[in-house]
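One letter stands for each residue in the lines below.
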Amino acid sequence: MSAFVSTLLRYRVAVILCLTLAAATLIVPGFASLTTLSLGLDRGSTIGLIAIGLTVLLIAGQIDLSVGSVFAVSGIVGIMLQPALGMGWAALAGVLAGTAARVVNGFLVVALRINSLVATLATMLVFRSVAHWMTASQPIPGNDIMFSITLSEIYLEVFTVCSGLFLVSILALHVWLTRTVAGRNLFAVGSNALSAEASGISAGRIMFLSFVFASTLAGVAGVLQSLATNTGSPVYGSELTVAVIAAVVVGGTRLEGGRGSALGTLGGVLTIAALTTAMEFQSVPAYMQQVASGLILILLVVLDRTVRTGRRKPAAAPVHA
Amino acid sequence: MTDIAAMGQTTKDTARFSQGSRMVGLVSRAGLTLAILAVILYGSLANPVFFTAGNFVNVLMSMSIVGIVVVGMTFVLVVGGMADLSVPATIACGAILSLALQPYIGPVPAFAVAVLLAGLTGLVNGVLVGYVGINPIIATLGMGTIVLGIVQAAVGGVIVYGTDPSSADFVKSRILGVPMIAVIFIAIAILGNFVLSRTFWGRWTIATGGNYSAAQASAVPVRAVRAGAFVITAFAAGFSGGLLGLTLQSARPLVGQGYEFSAITAVVVGGVSIMGGFGSIPRAMAGLVFVQLLTNVMVLQGVRTPIQGFVLGLLIAGAVALDIALRKRGVA
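Residues numbered from 1 in each chain as written. Chains lettered and ligands numbered in written order. Predicted model: local features only at pLDDT ≥ 70, side-chain atom pairs only at ≥ 80, totals over all residues. Heavy atoms only, no water.

S.K.: Help me understand the overall build of chain A, please; the structure alone is not making it clear to me.
M.R.: Within chain A, the regular secondary structure consists of 15 helices and 2 strands. In chain A, once contacts between residues fewer than 6 apart in sequence are set aside, the share between residues at least 24 apart is 79%. Counting only carbon and sulfur atoms, one obtains 70% of the accessible surface of chain A, whose full area is about 13,900 Å². (Helix = DSSP H or I, 4+ residues; strand = E, 2+ residues; numbered from the N terminus. Contact = heavy atoms within 4.5 Å. Areas by Shrake-Rupley, 256 points an atom, 1.4 Å probe, with all protein chains shown as cover.)

Here is the structure:
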C-alpha cells in the first residue's frame, strides 16, 4: 500500500496530467484533437520557457519573482528597437535585456547576499517600472505584422516555432541536468550550499549563472510573445508569476532547492496549459483561471510539505538567510 | 597553543568590532530622522506647496491607508515571515465587499463582514505558513491570487459603487482638523505598538523571529505566533481596504495593487530586519513617513509614476542590503 502510494507520489505529475486531460476531454466537447494539442502546446511554451529557467533556479535553491516583469521588458525592447536595428537584432537585444536584468538579480543575491525572494521582489517592481517608463504605459506596435503570422504557423500539424523551441530546450535541460557534471553540481548547491562549497564547487558562481540562465529564457519568452502578438506591452506577464511557479511546483521541483527535473516541469507546464486551454474553451472568466492556478499551487506545495514531514521529523520553519 | 592564540585573536576582534559598531549603530539610529529632515528641507525649498497644512493633511490621508497595513506587515517581518503578498487581495476584499454588501445589510455590518472575510484569508495564510510550514511568499502569493479571483467572481468582475453617502461622510469627517482616517490609523498604530512592545504576544513574536528553535524550546507557541502575524496583517489590510472603499465610494478589483510594496518598503526602510527578530512599530512608522514624504515631493516635483516605482524598488533593495551589512558588523 505505502509502496503504491509512494510510486503514485513520485509520478504524480503524470497522474495529475492524465487526470486533467481526462477531465477536460469529458467536460469539453471536442477537446481531444490535434488542434487543441497544438494550441495548448503553443500557449504552454510561453510559461514553459520561463519555467525552464525557474526550474534551474529552484534546484539551485533560489527563486525569482521578477520573471513576469523581465518578460515584459524584453518584449518591449525587442519591439522598440525594430525600426533601428531590424527584427533579428532587435530580438537579440530584447533577449540580452533579459540577461542584463538578471545579472542585476544575481548581483543582489550572490554578491550582496540578499534573500532571493526579497531581492527579486524589489527588482520585479523596478523592472515593471522600467517597462512602464519605456512605453509611457502604452502598448507599442511592431513593424512587421507578417512575421507574427510566420510565428504562429503550424508545422507537422502540431508544432509552432515557440512550442518546438520549448520542447527542444526542455529535452536539452533534461540531458544537462541528468548527464553532465554541471547539472550535478547544481543539485549539490541546491541541497546544501555549504557542503557543495566544501567539496570545491563554487556555489556563488552556480547561483549567479542560474539567475542569468533563467533571465535569458524569460527574455526569449518575452521576445517571442511580443513578436507573435506584434506588440510590446508594459502589462505583459504580470499574471505569469503564479502560473509559472505553479507549473514548476506541479512538476515536483522543491521550493527549498536540491530536487527537481526537466521532465517534471514539462508535465507541469502541460498540465497548466491543458487546464487553461480547457477553461478558455468553456469561456471561464480570466479571474477564475487565476483562482485555479493559485489553488493548484497551494495544494501541491501543501502536499509536498506534508508528505515529506510525514516521513521524517517535522522540519523547522524555513529560514532563509 | 594554537587554540589559545586563536582565542586571543577572537577577543581582540570582538573589542575592535564593538567599537566600530557604536559609530555604525549611531548612524543606523539617527540616519532615518536625518533623512526625513532632509526630505522636508528639500521639499520646502523646492516647492512652495510642500510646507502647507493642506499638503500635510493630504500626506497624512494617503499615509493612513498604507499605514494600517504597515502595522500588520511589521508583525510579519518581525516574526520572520518575510512578507505578506496577499495584501492587495485582502484590501480589495475589504473595499469591494464593504461597498457591495451595503444595500443588503447596511454599511456597518457590511464593513464588519468584509474585514472578517479578509481576516479569514489571513487565517488560511497563517495555517499554511505557521502550521504546514510553506514558504510565506509562495503561500501568500497563491492565496492572494485565489482570494482576488473569488472576490471578482462574487461581484462579477466589475467596479462596485457605494450606496450609502453617510458612511463616506463619516470617513471624511474631521476631528480638530485631523481627518477621521488618520485618527483611526494613529489609534491602530498605538495599539499595534502596545501589543508588539508591551505584551506577551509581542515578546513571543520577537523571540520567534529571532531564533525559532530557541523560542520553541522556551515553550513559545511558535506556530501560532507565526500564524498570528498573518492574521493580524490580513485584518489590518481588510480594515484599510474597507476605509479605502468608503473614501473612494468605488472599488475595482485591482484597488489594492501596490500597497504590499508600499507597506514592505516602509517597514524595511524603517530598519525592521527582513530576517526577523528585530523591529518596532515606531521604526516602521518612521520608514512610512520617510517614504510618503519622498513620494509626495516626487509628485509635487512632477516626477513620473514609473520612476517613482523605480525609486521605491531601489529603496527596498538598498535598505535590505544595508540591513545585512549592519548585521555583519553586529548592529541590528
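S.K.: I tried to follow the overall build of chain B on my own but got confused; where do I start?
M.R.: The number of helices and strands found in chain B is 14 helices and 4 strands. The buried share of chain B, reckoned over its 332 residues, is 54%. Across chain B, contacts joining residues at least 24 apart in sequence account for 78% of those joining residues at least 6 apart. Here chain B has roughly 14,100 Å² of accessible surface; of this, 71% comes from carbon and sulfur atoms. (Buried < 20%, exposed > 50% of the residue type's maximum accessible area, 1.4 Å probe, protein only.)

S.K.: Teacher, can you tell me more about the interface of chain B and chain A here?
M.R.: The parts lose accessible area when they come together, and the size of an interface is often stated as this lost area. Chain B puts 41 residues into the contact, and the matching count from chain A is 41 residues. Of the roughly 3,400 Å² buried between chain B and chain A, counting both surfaces, carbon and sulfur atoms make up 83%. Between the two partners, chain B and chain A, sit 0 salt bridges. The interface formed by chain B and chain A includes 0 residue pairs in polar contact (both at pLDDT 80 or more). Elements that contribute at least two residues to the side of chain B that touches chain A include exactly α5 (107-132), α6 (136-155), α11 (222-248), α12 (259-269) and α14 (305-328) of chain B. Split by residue class, the side of chain B that touches chain A holds 28 nonpolar, 10 polar and 3 charged. (Buried area = accessible area lost by both parts, 1.4 Å probe. Salt bridge = Lys/Arg side-chain N within 4 Å of Asp/Glu carboxyl O. Polar contact = N/O pair within 3.5 Å; in protein donor to acceptor, adjacent residues only side chain to side chain. Nonpolar A, V, L, I, M, F, W, Y, C, P; charged D, E, K, R; others polar.)

S.K.: I tried to follow the side chain of Thr247(B) on my own but got confused; where do I start?
M.R.: All names here are of chain B. Following the sequence through the fold, threonine 247 ends up in helix α11. Taking the relative accessible area as the measure of exposure, threonine 247 reaches 18% and is therefore buried. Sequence-distant contacts of threonine 247, that is, excluding residues within four places in its chain, are made with Val171, Lys172 and Ile181.

S.K.: Sorry if this is basic, but what is going on with α6(B) here?
M.R.: Working note: α-helix, 3.6 residues per turn, so residues spaced by three or four point in the same direction. Between its first and last C-alpha, α6(B) extends 28 Å over 20 residues, near the 28 Å set by a 1.5 Å rise per residue. Counting buried positions over the 20 residues of α6(B) gives 17, a clear majority of the element. (Expected span 1.5 Å × (residues − 1).)

S.K.: Where do I start with the nonpolar core in this structure?
M.R.: The tendency in soluble globular proteins is for nonpolar side chains to be buried side by side. One finds Ile245(A), Val70(B) and Phe290(B) to be the most contacted residues of the largest nonpolar core, which totals 181 residues. Per-element tally for this core: the top contributor is helix α2 (residues 53-78) of chain B, with 13 residues. In this structure, Ile245(A) is in contact with Leu54(A), Ile63(A), Leu65(A), Leu297(A), Ile138(B) and Leu141(B), ignoring residues within four places of it in sequence. (Core = buried A, V, L, I, M, F, W, Y, C linked by side-chain atoms within 4.5 Å.)

S.K.: Looking at this structure, how should I read the packing of aromatic side chains?
M.R.: The description of an aromatic ring pair rests on the distance of the ring centres and on the angle between the ring planes. All names here are of chain B. In the structure shown here, the tally under the stated rule is 5 aromatic pairs over all chains. On the numbers, 5.3 Å between centres and 85 degrees between planes, the contact of phenylalanine 111 with phenylalanine 239 is edge-to-face. Residue phenylalanine 111 is located in helix α5, and its partner phenylalanine 239 is located in helix α11; the two are separated by 128 residues in the primary sequence. For phenylalanine 111, a relative accessible area of 16% translates into the label buried. Relative to tryptophan 204, the ring of tryptophan 201 has its centre 6.1 Å away and its plane inclined at 55 degrees; by these criteria the two rings are tilted. Of this pair, tryptophan 201 and tryptophan 204 both sit in helix α9 (residues 200-210), separated by 3 residues, roughly a single helical turn. (Phe/Tyr/Trp six-rings, centres within 6.5 Å; stacked < 30°, edge-to-face > 60°.)

S.K.: Is there a simple way to think about the environment of Thr123(A) in this case?
M.R.: Residue and element names in this part refer to chain A. As for its placement among the helices and strands, threonine 123 is situated in helix α7 (residues 116-135). Residue threonine 123 is classed as buried on the basis of its relative accessible area of 3%. Residues threonine 123 and aspartate 64, spaced 59 residues apart in sequence, show a C-alpha to C-alpha distance of 9.4 Å. Among all residues touching threonine 123, those that are not within four sequence positions of it are Ser66, Val104, Asn105 and Leu108.

S.K.: Is there a simple way to explain unusual backbone geometry in this structure?
M.R.: Glycine aside, the phi torsion of most residues is negative, and most peptide linkages are trans. Positive phi, normally seen in glycine, also occurs at Ala219(B), with a value near 65 degrees. Following the sequence through the fold, Ala219(B) ends up in the loop between α10 (212-217) and α11.

S.K.: Is there a simple way to think about the confidence of the model for chain B in this case?
M.R.: Close inspection of predicted coordinates is inappropriate in any region flagged by low pLDDT. Looking at chain B as a whole, the pLDDT averages 81, with 89% of positions reaching at least 70. Confidence over residues 1-19 of chain B falls short of pLDDT 50; this stretch has 2 contacts with residues more than four positions distant or in other chains. (pLDDT = per-residue confidence, 0-100.)

S.K.: What am I meant to see in the packing of α12(B) against helix α13 (residues 281-300) of chain B here?
M.R.: Angle between the axes and distance between the axes: these two values describe a pair of packed helices. All names here are of chain B. At their nearest, the axes of α12 and α13 sit 6 Å apart, and the two run at 120 degrees to each other. When the axes of α12 and α13 are compared, the crossing they make is right-handed. Contact with α12, carried on its side by Thr265, Ala266, Val267 and Val269, involves Ala284, Gly287, Leu288, Phe290 and Val291 of α13 and no other residues of that element. When its residues are assigned to classes, the contact of α12 with α13 shows 7 nonpolar, 2 polar and no charged. (Axes fitted to C-alpha atoms, helices over the stretch in contact; angles between N-to-C directions. Left-handed = near helix turned anticlockwise from the far one by under 90°.)

S.K.: I'm lost on the packing of α5(B) against α6(B) in this one. Help?
M.R.: Residue and element names in this part refer to chain B. At a closest axis distance of 9 Å, the pairing of α5 and α6 adopts a crossing angle of 150 degrees. Regarding the angle of α5 to α6, the classification is roughly antiparallel. Where α5 crosses over α6, the handedness of that crossing is right-handed. Residues Thr121, Val124, Asn125, Leu128 and Val129 of α5 form the contact with α6, whose participating residues are Pro136, Ala139, Thr140, Met143 and Val147. (Parallel < 35°, antiparallel > 145°, perpendicular 65-115°, else oblique.)

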